[in-house]
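Breakdown of the fold
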Amino acid sequence: MKIGITCYPTYGGSGAIATELGKALALKGHEVHFISYARPFRLGEFVENIVFHEVEMSSYPLFEFPMYSLALASKMVEVADYEKLDLMHVHYAIPHAVSAYLAKQMLKDKRDIKIITTLHGTDITLVGLEPSFLPMVKFSIEESDGVTAVSRFLKEKTITNYNIDKDIVVINNFVDANLYMPNVSSKLREHIAPNNEKVIVHTSNFRPVKRVPETIKILDIVRKEIPAKLVLVGDGPDRSECERLCRELKLCDHVKFLGKQNGLVDILNASDLFLIPSQSESFGLAALEAMSCALPVISSSVGGLPELIKHNETGFIAEIGDIGRMAKYAIELFSNKRKYDLFSNASRKRVENNFDKKIVIPEYESFYNKIMNS
Ligand code: GMT
């Protein structure tokens, strides 16, 4: 199949999933064309069957705001026509699904290109609900030939929030369980925790929705009972507040800010426990990657997280903002090796049995076939 993929190319779960999907499809012999304003960060080295098409933006004094959605639609038309694409798979509804709709209409006399939209999270739960976007998001979902959502939670939210009467198929996030796998990473661990302290890890884009400062408050409580360190991976708006909080709580020597990193597998393998106290999380790709490296996860009870984390089996789930309970759960796992090992094994098994790319990529392929034959 010849597949166009549009996603946000920067750090973030939707871009990561879209790019890993494209790479996996290319390995299976499909021809994949990424269309975006920059090369997706996860694309890595040259891969046969993958072409990147950059959306170029021109400026004109009259245009006070960049017209990305229109430039993207034009690029989609050009690529779909020239490369004879069978379908366009767009990730994150705003504005990608709208641009794809426009491209489809522009091409309709030449070819019937199918549009598949994957809903990832805040496109539905936050930004899409703004009055200026809501009718457009609803329209673009209804006009897509196929729609997938990354969790049952997100599917239900889409149907209720946008009053949508359309079949939405749930295809969960996935991970390469052969890459994200448990592995002793003693050098890095020694560097992070020289006195063999427990290591808690969190990775995100540090947006307020992730509630990153709470990871520091949890560490503060845990450290009153157990020597522990916190590793924070990523960057974003709340990083300065987190650094300020570390100074206020006198935790600077115990919290390591690593910024944006590529070597996530090694960092996860140098850690014992993953924390994700988010306000909203449609699936939780970062938690999935940690579980694949056999880390138990402690999370808030929001969105799709309970579909991923099995409470009292692969981790623990607490109310949003209940840092006391999250800290208590961390202490419980750190002080009971038998329980910790059970949770660690169960995390890895859950990923292998449900969320490995070997299982999920064929789900996308059969969905593509279904839409192509509709
Ligand atoms: O929706 C967002 O906030 C952006 C998006 C991203 O690009 O990071 O994240 C969402 O998509 C991921 C991949 O499907 C999910 O694993 C994340 O849970 C989801 N983030 C939120 O819902 C906050």
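In short, a report on the structure. (Residues numbered from 1 in each chain as written. Predicted model: local features only at pLDDT ≥ 70, side-chain atom pairs only at ≥ 80, totals over all residues. Heavy atoms only, no water.)

Think of a sheet as strands paired side by side through backbone hydrogen bonds, with each pair either parallel or antiparallel. The 6 strands lie next to each other as 10-9-8-11-12-13, forming an open sheet whose pairing is parallel. What marks the edges here is a single partner per strand, and that holds for strand 10 (255-259) and strand 13 (315-318). Adjacent strand axes in the sheet meet at a mean angle of 20°, parallel and antiparallel pairs treated alike. Inspection of the sheet shows strand 11 (residues 273-276) paired to strand 12 (residues 297-300) by 3 bridges, in the parallel sense. (Pairing = 2+ DSSP bridges. Helix = DSSP H or I, 4+ residues; strand = E, 2+ residues; numbered from the N terminus. Axes fitted to C-alpha atoms, helices over the stretch in contact; angles between N-to-C directions.)

The next point concerns the site of the ligand. Within the structure, the ligand sits among 16 residues, and G13, S14, H120, T122 and E281 are positioned closest to it. Contacts to the ligand include S14, whose side-chain N or O atom sits 2.6 Å from an oxygen atom. In the model, an oxygen atom of the ligand is placed 2.9 Å from a nitrogen or oxygen of the L285 main chain. Isolated, the ligand exposes 490 Å² of accessible area, and the fraction of that covered by the protein chains is 94%. (Near = heavy atom within 4 Å. Polar contact = N/O pair within 3.5 Å; in protein donor to acceptor, adjacent residues only side chain to side chain. Areas by Shrake-Rupley, 256 points an atom, 1.4 Å probe, with all protein chains shown as cover.)

Let us now look at the pattern of salt bridges. Here the structure, examined in full by the defined rule, presents 27 salt bridges. A salt bridge links E365 to K28, with the shortest nitrogen-to-oxygen separation between them at 2.6 Å. Within this pair, whereas E365 is found in helix 15 (residues 357-372), its partner K28 is found in the loop between helix 1 (13-27) and strand 2 (31-36), the two being separated by 337 residues in sequence. Given the relative accessible area of 16%, E365 is considered buried. When its relative accessible area of 47% is taken as the criterion, K28 is described as partly exposed. Across the salt bridge formed by D176 and K357, the nearest N and O atoms sit 3.8 Å from each other. Taken together, the residues span a long stretch of sequence, with D176 in the loop between strand 7 (168-170) and helix 7 (186-192) and K357 in helix 15 at a distance of 181 residues. For D176, a relative accessible area of 23% gives the class partly exposed. Of the residues examined, K357 reaches a relative accessible area of 23% and is grouped as partly exposed. (Salt bridge = Lys/Arg side-chain N within 4 Å of Asp/Glu carboxyl O. Buried < 20%, exposed > 50% of the residue type's maximum accessible area, 1.4 Å probe, protein only.)

Moving on, we get to the packing of aromatic side chains. Taken as a whole, this structure holds 7 aromatic pairs when the rule is applied. Pairing Y8 with Y92 gives two aromatic rings, centres 5.5 Å apart and planes at 80°, and the pair type is edge-to-face. Of this pair, Y8 sits in the loop between strand 1 (2-6) and helix 1 while Y92 is found in the loop between strand 4 (87-91) and helix 3 (96-107), placing the two residues 84 residues apart along the sequence. Overall, Y8 belongs to the partly exposed group, its relative accessible area being 25%. Among the aromatic residues, those joined into a cluster by ring pairs are F316, Y329 and F343. (Phe/Tyr/Trp six-rings, centres within 6.5 Å; stacked < 30°, edge-to-face > 60°.)

Next up on the list: the nonpolar core. In this structure, V222, L268 and F274 are the most contacted members of the largest nonpolar core, which totals 117 residues. Among the domains, domain 1 (2-174 + 356-372) and domain 2 (188-354) are the pair contributing at least three residues each to this core. With sequence-adjacent residues up to four places away left out, F274 is seen in contact with V201, H202, T203, L268, A286, A287, A290, L295, P296, V297 and I298. (Core = buried A, V, L, I, M, F, W, Y, C linked by side-chain atoms within 4.5 Å. Domains from an automatic or database assignment. Contact = heavy atoms within 4.5 Å.)

The next point concerns a nonpolar patch on the surface. Taken together, the side chains of M57, Y60, L62, F63, M67, L70, L102 and M106 define a hydrophobic patch exposed on the protein surface, amounting to about 800 Å² of accessible area. Positionally, L70 belongs in helix 2 (residues 68-83). (Patch = residues over 30% accessible without salt bridge, like charges linked within 9 Å, V, L, I, M, F, W, Y side chains within 5 Å.)

Right, let's talk about the environment of I168 for a bit. Structurally, I168 is set in strand 7. Spatially, the C-alpha atom of I168 lies 6.7 Å from that of A149, the residues being 19 residues apart in sequence. The residues touching I168, leaving out its near neighbours within four places in the chain, are V147, T148, A149, K155, T158 and I159.

Quick look at the sheet that holds strand 3 (residues 50-54) now. Spatially, 3-2-1-4-5-6-7 is the arrangement adopted by the 7 strands of the open sheet, whose pairing is parallel. Lying at the two open borders of the sheet, with one neighbouring strand each, are strand 3 and strand 7. On average, adjacent strands in this sheet sit at an angle of 25° to one another, irrespective of strand direction. For strand 2 and strand 3, the ladder comprises 5 bridges, and the chain directions are parallel. Residue F34 lies in a different strand from strand 3, and its bridge partner there is F52. Against the sheet, helix 2 engages strand 1, strand 2, strand 3 and strand 4, with an angle of about 160° to strand 2.

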